[in-house]
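In case you want the letters, here they are:
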Amino acid sequence: MVARRTKEEALATRNRLLDAAELLFQAQGVSQTTLQQIAQQAGATRGAIYWHFKDKADLFNAMMERVILPLEAPPKAVAVGHDDPLAEIEEGMVHALTLMTTDPQVRRVFDVATHKVEYTHDMASVQQRHLDARNACVGDFEKALRLAARRARIRLPVPGSVAAQGLHALISGLIQNWLLDPAAFDLVPTGRRTFRVYLAGLGFARQTGANGAAAHEAETAAA
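Residues numbered from 1 in each chain as written. Predicted model: local features only at pLDDT ≥ 70, side-chain atom pairs only at ≥ 80, totals over all residues. Heavy atoms only, no water.

1. A closer look at the overall build of the chain
For the chain, the count of helices and strands is ten helices and zero strands. Along the chain direction, N to C, the helices and strands of the chain fall in the order α-α-α-α-α-α-α-α-α-α. The 223 residues of the chain split such that 38% are buried. A sequence separation of at least 24 residues applies to 73% of the contacts in the chain between residues at least 6 apart. (Helix = DSSP H or I, 4+ residues; strand = E, 2+ residues; numbered from the N terminus. Buried < 20%, exposed > 50% of the residue type's maximum accessible area, 1.4 Å probe, protein only. Contact = heavy atoms within 4.5 Å.)

Structure (structure tokens):
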């Protein structure tokens, strides 16, 4: 019983440290935040940090692992036998953008990961994590676009790898610009519309159905 309570207390301390890191990283940047400041914010000791984390980069990566960020969750679009891989990508994208607008922790962590971190030498593992996630997402997009092109019997106007890089840049760029000024535009409808325009530019003729057509007309009227 004592061992269980000790384990629960250690987990609670770890979570307090990660909560404190999120808030401080967003408020003052990763490079300007010390482990001592994180410990004080969490009501813990510096030793507690080193009990749970090897260094600041280890703590940062643990903070990232608590949430699934947009463009890190693998899309279901490449599932074998799925009728419309592009619809799956769009569904996943809309879900991710919705989380950005409704989940404060997802928004906070993404903001830290994109705007508040410097890839200095001691944060090399953080940079590698970012690159791995980016490369995995681009790879999944490429597979989905190639599969959709084969099923639609069209030839992409650019190599699949280029089309996938562009799609990733489109989505990540929208999120980053929205974070700079959330009042500037509505992230979810803007993301859906630009995604469909991008697909049209690649040669895909999307069938939206009655509900989709009505929504598209409403969006166009509001533009």
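2. Digging into the layout of surface pockets
Space inside the second largest pocket adds up to approximately 300 Å³. Lining the second largest pocket are 19 residues, with Glu 72, Phe 110, Ala 113, Thr 114 and His 130 sitting closest to its centre. Mapped by element, the contributors of at least two residues to the lining of the second largest pocket are α4 (56–65), α6 (104–115), α7 (124–152) and α8 (160–180). Ranked by the residues each element gives to the lining of the second largest pocket, the list is headed by α7, at five residues. Of the residues contributing to the lining of the second largest pocket, the split by class is eleven nonpolar, five polar and three charged. (1 Å grid on protein atoms, 1.4 Å probe; cavity = no way out; pocket = protein on both sides within 12 Å on 5 of 7 lines; lining within 4 Å. Points joined across faces, edges and corners; volume = space filled by probe spheres on them. Nonpolar A, V, L, I, M, F, W, Y, C, P; charged D, E, K, R; others polar.)

3. Brief notes about the packing of aromatic side chains
Tallied over the entire structure, the rule returns one aromatic pair. Ring centres of Phe 25 and Phe 60 lie 6.0 Å apart, and the angle between their planes is 40°; this geometry places the pair in the tilted category. Taken together, the positions of Phe 25 in helix α1 (residues 2–28) and Phe 60 in helix α4 put the pair 35 residues apart, joining distant regions of the chain. The exposure class assigned to Phe 25 is buried, which follows from its relative accessible area of 0%. According to the relative accessible area criterion, Phe 60 is buried, its value standing at 1%. (Phe/Tyr/Trp six-rings, centres within 6.5 Å; stacked < 30°, edge-to-face > 60°.)

4. Re the pattern of salt bridges
Summed over all chains, the structure comprises eight salt bridges. Of the charged contacts in the structure, one is a salt bridge between Arg 66 and Asp 19, with a shortest N-O distance of 2.8 Å. Taken together, the residues Arg 66 in the loop between α4 and α5 (85–102) and Asp 19 in helix α1 connect sequence positions 47 residues apart. Under the relative-accessibility criterion, Arg 66 is labelled partly exposed at 27%. Looking at Asp 19, the relative accessible area reads 38%, which means it is partly exposed. Residue Glu 90 pairs with Arg 192 through a salt bridge whose shortest N-O separation is 3.1 Å. (Salt bridge = Lys/Arg side-chain N within 4 Å of Asp/Glu carboxyl O.)

5. Regarding α5
Note that an α-helix has 3.6 residues per turn; residues three or four places apart therefore point the same way. Here α5 is 18 residues long and its end C-alpha atoms lie 26 Å apart, about the 26 Å a rise of 1.5 Å per residue gives. Restricting attention to buried positions, one finds in α5 the residues Pro 85, Leu 86, Glu 88, Ile 89, Glu 90, Met 93, Val 94, Ala 96, Leu 97 and Met 100. Structurally, α5 contributes buried residues whose contacts are with α6, α7, α8 and α9 (187–201). (Expected span 1.5 Å × (residues − 1).)

6. Remarks on the packing of α6 against α8
Put simply, α6 and α8 touch, their axes get as near as 11 Å, and they point 105° apart. Regarding the angle of α6 to α8, the classification is roughly perpendicular. Residues Arg 107, Phe 110, Asp 111, Thr 114 and His 115 of α6 form the contact with α8, whose participating residues are Ile 175, Gln 176, Trp 178, Leu 179 and Leu 180. Partitioning the contact of α6 with α8 into residue classes produces five nonpolar, three polar and two charged. (Axes fitted to C-alpha atoms, helices over the stretch in contact; angles between N-to-C directions. Parallel < 35°, antiparallel > 145°, perpendicular 65-115°, else oblique.)

7. Re α9
Here α9 spans 21 Å end to end across 15 residues, near enough to the 21 Å set by a 1.5 Å rise per residue. For α9, the complete set of buried residues consists of Leu 187, Val 188, Gly 191, Phe 195 and Leu 199. Looking straight down α9, one finds its buried side chains confined to an arc of 95°; they lie on one side. Those residues of α9 that are exposed and aimed more than 90 degrees away from the buried face are Val 197 and Gly 201. Structurally, α9 contributes buried residues whose contacts are with α5, α7 and α8. Residue Gly 203 follows α9 closely and has a positive phi angle near 105°. (Arc of directions from axis to C-beta.)

These values are about where atoms sit, not about what they do.
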